[in-house]
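Letter by letter, the chains look like this.
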Protein chains: 2
Amino acid sequence: MARKIIKPQPISGFPEYTPAVQRVWQAWCDHMRAVFERYGFCGIETPAVEALDVIAAKGEVDKEIYVLERLHRAEGDKDARLGLRFDQTVPLARYVAQHFNDLDFPFKRYQIGRVWRGERPQAGRFREFTQADIDVIGVDALPLSFDAELAAIMWEVLSGLLNPPQPPPSARGGNDGANLSPLEQERSEGANLPPLEQGGVRGGSALPFQIRVSNRKILIGLLKSVCIRKNEEITKILSFLDKGHEIHPGLLREFGVTESEKQKILMEFHYQFKIFQNKKGETFNYIYENMKHLIGEGLIYLDTYDESIEEGLDELKSVMADLSHLPKGAVVADLSIVRGLDYYTGTVYETFLTDAPELGSICSGGRYDDLAGAYINKKLPGVGLSIGVSRLFSHLLAAGKLPIGRVSPAEVLVALPSEDHRKAAQEAARALRQRGINTEVYHAPHKIGRQIAYAEKRGVPHVWFPDAGGHSVKTLATGQQAPADPQTWRPPA
Amino acid sequence: MARKIIKPQPISGFPEYTPAVQRVWQAWCDHMRAVFERYGFCGIETPAVEALDVIAAKGEVDKEIYVLERLHRAEGDKDARLGLRFDQTVPLARYVAQHFNDLDFPFKRYQIGRVWRGERPQAGRFREFTQADIDVIGVDALPLSFDAELAAIMWEVLSGLLNPPQPPPSARGGNDGANLSPLEQERSEGANLPPLEQGGVRGGSALPFQIRVSNRKILIGLLKSVCIRKNEEITKILSFLDKGHEIHPGLLREFGVTESEKQKILMEFHYQFKIFQNKKGETFNYIYENMKHLIGEGLIYLDTYDESIEEGLDELKSVMADLSHLPKGAVVADLSIVRGLDYYTGTVYETFLTDAPELGSICSGGRYDDLAGAYINKKLPGVGLSIGVSRLFSHLLAAGKLPIGRVSPAEVLVALPSEDHRKAAQEAARALRQRGINTEVYHAPHKIGRQIAYAEKRGVPHVWFPDAGGHSVKTLATGQQAPADPQTWRPPA
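Please read these numbers as outputs of a predicted model, since none were measured by experiment. (Residues numbered from 1 in each chain as written. Chains lettered and ligands numbered in written order. Predicted model: local features only at pLDDT ≥ 70, side-chain atom pairs only at ≥ 80, totals over all residues. Heavy atoms only, no water.)

**Brief notes about the overall build of chain A**
Logical step 1: Of the regular secondary structure elements, chain A holds 14 helices and 16 strands.
Logical step 2: Across the 493 residues of chain A, 57% fall into the buried class.
Logical step 3: Within chain A, counting contacts between residues at least 6 apart in sequence, those at least 24 apart form 69% of the total.
Logical step 4: Summed over all atoms, the accessible surface of chain A reaches about 20700 Å², with 50% contributed by carbon and sulfur. (Helix = DSSP H or I, 4+ residues; strand = E, 2+ residues; numbered from the N terminus. Buried < 20%, exposed > 50% of the residue type's maximum accessible area, 1.4 Å probe, protein only. Contact = heavy atoms within 4.5 Å. Areas by Shrake-Rupley, 256 points an atom, 1.4 Å probe, with all protein chains shown as cover.)

Next up, the structure:
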């Protein structure tokens, strides 16, 4: 033991959890997967790495990529250089291109996985984090109905994670609920997941989060109508708006819009957009009708008329109509949502926590025309949404809003009153486990009080006392102890 | 589309699966987790990376480590250098040391995760693969009963993965089976997971795999008894035996055993070990009694007597006795199992497929005295076992022995006879999903034959025909179609 001890330090940006927190994390992952599968989405996993030339296929290499080096790479090694994936969209595009002939389209897939970004360590920035992505990919075309379906799925997922009030389940038969996630089961069975404390959420009309939807065709059409036709310019302006900036005359000059008439037009659009931004709570129909009216009456003056404006408005209307079954305010149209990434071409989404909008969007995405053009000579349009799981989880953890409970997954601790009881203890445990009841056997014939304290500390609700002559079980919450048969006993509901 | 297309190639050593195979992989992971939790083990996850000084704390840096570099690392960056984890034992040791005060001991944890080894690409070698580890860590001491419990857990896990014949479950009540894994549920419900085709396994007495156990104290004691006292020498000999080599006089000289008398002694031990190796199928009692007899009668001549020989024999006997409830041949004592790694100090395990022993051990591990001495000034003995999941899965996949079935997780496809039916289709789907039934809605009003073909191709067993006037459902396997109510219909068991 004279050896030097290397005291391990947490690595900034690489979160890890103690077992009780990990149980909640696992319940989150199970819930997300259960909802995705309830809509028939297939799960896939891809390697942690991609070849650097695949990552760089679109011409730019993000500098946040971690590149792998073998510690003792030999001279002359000719391996492809590998980088850790920095999102799950590049891997999806590569996967679809590579396995094209083995997939059914529309290809509906979910992927819950870690991604890595080699940023400089700083507080609150993750360098390893989990994203939960769903995408639907078509060949040549993809029905607009998926744009609504994806939002509905994410609404259901996030509702489960953020634990809003739920109606009691209708009468459940034997097989019902087979695919309910543990979070849902525990909730529907009234079990002991403590409710989230969300100020003002429970019972009131406010929802804990809101999905905001727009369609980039509207803004792109408007910008094209004033002759900003270069995609790069439009992307620059979109990125700029995306960061919350306002358009001011200086900016327009910067983007090459110098004629004063066009400046005025853009200012007018901007003014209209500000109106929409201030009306986030309004029904979409109001915005839609108002916009149509402004255009129709010539109140918005267009230099030329790009019909994608109307296309975008109609698509957005259709998506909103398909989501009308959701609670009021769950999904709203919000023309200020633009997303900076240049590959979105239609519907775009962002999602905000009601009581923490400053966290930024917790679930974002959109529709794109061409997923995998860099890897395959096919047109593969798609639509996708992604939850930043680590960021959302970490926010709720820090805010004390996660239902952190038991450490142990066991429902029963079989006590070991003496070494002579070991055989009976193990047989009882086997009988319980055979019927799917998670069961620990205490490891040594310590005093019973110590064994019960162990169960309490780990949150195991029942302690079993084995005896060849007759078993009994004690429920710690009530203190009641009663005879029980390991072949038939079940934990009370 | 004039852009150059980068055609993606599979990266050697980084497996990925199509959705139907991924479903089986996911069922494997669920099953492993369900069994681990049934014994009260907590799941943990650790980052993909560890600091290089943590990896190198024991003084040697394995050259198979992948080191991370930021693609555009700035001059003067002072970040800790990071390497991808190459196993889950170093992360466990670091985790236990770092979170020591937040953990309960004995700490029972499982971890199913990916590890990376930067080997040169070659056929059949994984550079990214999944391991499923269970370990129990004590402080200062850890009862021997865990050495048996871990083998019993892995027996249950592997039995599920390799799908041997199972007794029908006893009468199951409402809540029973809540924690059965999907693999177990499907089997216990007689569902459509095809049985594994394992030559000679089914119905016969041969099991599809066998866990072999020894105790290193026996061999170490024997070697110490002939005055090979240096641990490095013992480790060298163990590694040598581990690779299947025999001890010959030249080897003994190489290891510094030059006196002819001692050579003779070692040869005698070796002879005895060969006897044990040839008796793998015998009951442990036979080996135990024989060994005791040889020592007691002086038939094995010991230069000095190291009592760890007997300690090892007694421990091995106790472990075998605790496993006597398992089928005959499931776990056998086999003194030829030594494991090359120098940290094992007692029980050691290896596991072989009956019909593919050449695959090597699929589940290995052992007991160690001191898990985390490099990171914390505490004595933390433990025992652990690890399944090489990727290697086993890949072997069965290549051999055509995996129950690959449906692509879609959905049980129902709601057809879309016309665009006018969309509302009824979506309402039916919502009602089914609300009761936990995985349901897809077909995406476009194609001809019904095409919609049914889609369901068949994806393995969705039921097609739902929505109609506000009255719904019906068709079961593809039987061709039967009957009226159904989305509020009450359940898939037939």
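From this point, the narrative continues.
**As for the relation of the copies chain B and chain A**
Logical step 1: Least-squares fitting of chain B to chain A yields an RMSD of 0.0 Å, with the transformation described by 0.0 Å of translation along the axis and a rotation of 180°. Within this description, the copies of the chain are treated as partners about a two-fold rotation axis. If distances are taken from each C-alpha of chain B to the rotation axis, the shortest is found for Leu68 of chain B, at 2.4 Å.
Logical step 2: Mapped onto chain A, 100% of the interface residues of chain B again fall at the interface, so both copies present the same surface. (Least-squares fit on C-alpha atoms with pLDDT ≥ 70 in both.)

**Quick look at the sheet that holds strand 12 (residues 412-414) of chain B**
All names here are of chain B.
Logical step 1: Spatial ordering of the open sheet is given by 13-12-14-15-16, a layout of five strands whose pairing is mixed. On the outer flanks of this sheet lie strand 13 (439-441) and strand 16 (481-483), each paired with one strand and no other. Along the sheet, successive strands turn relative to each other by an average axial angle of 25°, direction set aside.
Logical step 2: Looking at chain direction, strand 12 and strand 14 (residues 462-465) are connected through three bridges and run parallel. By the bridge assignment for strand 14, Leu413 is matched with Val463.
Logical step 3: Contacts between helix 13 (residues 422-434) and the sheet are confined to strand 12, strand 13 and strand 14, with strand 13 contributing the most and set at about 170° to the helix. (Pairing = 2+ DSSP bridges. Axes fitted to C-alpha atoms, helices over the stretch in contact; angles between N-to-C directions.)

**A short note on the packing of helix 1 (residues 19-38) of chain A against helix 12 (residues 389-398) of chain A**
All names here are of chain A.
Logical step 1: Remark: helix 1 packs on helix 12, axes separated minimally by 12 Å, with the N-to-C direction vectors making an angle of 135°. In terms of orientation, helix 1 lies oblique with respect to helix 12. Handedness of the crossing formed by helix 1 with helix 12: right-handed. On helix 12, the residues that touch Val21, Val24, Trp25, Trp28 and Met32 of helix 1 are Val389, Ser390, Leu392, Phe393, Leu396 and Leu397.
Logical step 2: A class-by-class count of the residues in the contact of helix 1 with helix 12 yields 10 nonpolar, one polar and no charged. (Parallel < 35°, antiparallel > 145°, perpendicular 65-115°, else oblique. Left-handed = near helix turned anticlockwise from the far one by under 90°. Nonpolar A, V, L, I, M, F, W, Y, C, P; charged D, E, K, R; others polar.)

**Thoughts on the interface of chain B and chain A**
Logical step 1: The interface of chain B with chain A comprises 118 residues on the first partner and 118 residues on the second.
Logical step 2: In total, about 10100 Å² of surface goes out of reach between chain B and chain A, with carbon and sulfur atoms giving 53% of it.
Logical step 3: Where chain B meets chain A, there are 10 salt bridges.
Logical step 4: As a salt-bridge pair, Lys108 of chain B and Glu440 of chain A come within 2.7 Å of each other at their nearest N and O atoms.
Logical step 5: Linking chain B to chain A there are 36 residue pairs in polar contact (both at pLDDT 80 or more).
Logical step 6: It is helix 1 (residues 19-38) of chain B that provides the largest number of residues to the side of chain B that touches chain A, a total of nine residues.
Logical step 7: Class assignment of the residues belonging to the side of chain B that touches chain A gives a composition of 52 nonpolar, 26 polar and 40 charged. (Buried area = accessible area lost by both parts, 1.4 Å probe. Salt bridge = Lys/Arg side-chain N within 4 Å of Asp/Glu carboxyl O. Polar contact = N/O pair within 3.5 Å; in protein donor to acceptor, adjacent residues only side chain to side chain.)

**Regarding the sheet that holds strand 12 (residues 412-414) of chain A**
All names here are of chain A.
Logical step 1: Sheet architecture is open: five strands sit in the order 13-12-14-15-16, paired in mixed fashion. Whereas interior strands pair on both sides, the edge strands pair on one side only; in this sheet they are strand 13 (439-441) and strand 16 (481-483). The sheet shows a mean angle of 25° between the axes of neighbouring strands, direction not considered.
Logical step 2: As paired elements, strand 15 (residues 472-475) and strand 16 share three bridges and run antiparallel to each other. The residue bridging Ser472 from the neighbouring strand is Pro483, located in strand 16.
Logical step 3: Against the sheet, helix 14 (residues 448-458) makes contact with strand 12, strand 13, strand 14 (462-465) and strand 15, and its axis sits at roughly 150° relative to strand 14, the strand it touches most.

**Section: the pattern of salt bridges**
Any two side chains of opposite charge can pair, so long as their charged atoms come close to each other.
Logical step 1: Considering all chains together, one arrives at 36 salt bridges over all chains under this definition.
Logical step 2: The closest approach of N and O atoms between Asp104 of chain B and Lys457 of chain A, which form a salt bridge, is 3.0 Å. Linking Asp104 of chain B in the loop between helix 3 (89-98) and strand 5 (107-116) with Lys457 of chain A in helix 14, this pair reaches from one chain into another.
Logical step 3: The class of Asp104 of chain B is buried, set by a relative accessible area of 11%.
Logical step 4: Look at Lys457 of chain A and you get exposed, because its relative accessible area is 58%.
Logical step 5: With its nearest N and O atoms 3.2 Å apart, the salt bridge here joins Glu69 of chain B to Arg81 of chain B. Of this pair, Glu69 of chain B sits in strand 3 (residues 66-70) while Arg81 of chain B sits in the loop between strand 3 and strand 4 (82-84), and the two are 12 residues apart along the sequence.
Logical step 6: A residue is classified by how much of its surface remains accessible, and Glu69 of chain B, at 22% relative accessible area, is partly exposed.
Logical step 7: Judged by its relative accessible area of 42%, Arg81 of chain B falls in the partly exposed class.
Logical step 8: Among the charged side chains, a salt-bridge network with shared partners connects Glu16 of chain A together with Glu50 and Arg94 of chain B.

**Here we look at unusual backbone geometry**
Glycine aside, residues mostly have negative phi, and peptide bonds are mostly found in the trans state.
Residues and elements named next belong to chain A.
Logical step 1: A cis amide bond links Phe105 to the next residue, Pro106, at an omega of -5°.
Logical step 2: Of note, Pro106 is situated in the loop between helix 3 (89-98) and strand 5 (107-116).
Logical step 3: A positive phi is found at Asp140, a non-glycine position, where the angle reads about 70°.
Logical step 4: The residue Asp140 is located in the loop between strand 6 (128-137) and helix 4 (145-162) in this model.
Logical step 5: Judged by relative accessible area, Asp140 falls into the exposed class, the value being 52%.

**Section: the side chain of Ser308 of chain A**
Logical step 1: Structurally, Ser308 of chain A is set in helix 11 (residues 308-322).
Logical step 2: Looking at Ser308 of chain A, its side chain comes within polar contact range of the main-chain oxygen of Lys217 of chain A, at 3.4 Å.

**Overview of the confidence of the model for chain A**
Residues and elements named next belong to chain A.
Logical step 1: Taken residue by residue, chain A gives an average pLDDT of 81. The fraction at 70 or more is 70%.
Logical step 2: Within the model, the stretch residues 164-177 combines pLDDT values under 50 with 21 contacts to residues more than four positions away or in other chains.
Logical step 3: A low-confidence stretch, residues 277-283 stays under pLDDT 50, and its non-local contacts, those more than four residues away or across chains, total eight contacts.
Logical step 4: Scoring the predicted complex yields pTM 0.86 and, for the interface, ipTM 0.86. (pLDDT = per-residue confidence, 0-100.)

**As for the pairing of strand 7 (residues 209-215) of chain A**
Residues and elements named next belong to chain A.
Logical step 1: Extensive coverage of strand 7 is indicated by the burial of seven of its seven residues.
Logical step 2: Bridge count for strand 7 against strand 9 (residues 344-353) is seven bridges, and the pairing is antiparallel. Bridge pairing links Ile211 to Thr351 in strand 9.
Logical step 3: Of the pairings in the sheet, the one linking strand 7 to strand 8 (residues 331-333) comprises three bridges and is parallel in character. When the bridges of strand 8 are listed, Arg212 appears paired with Val332.

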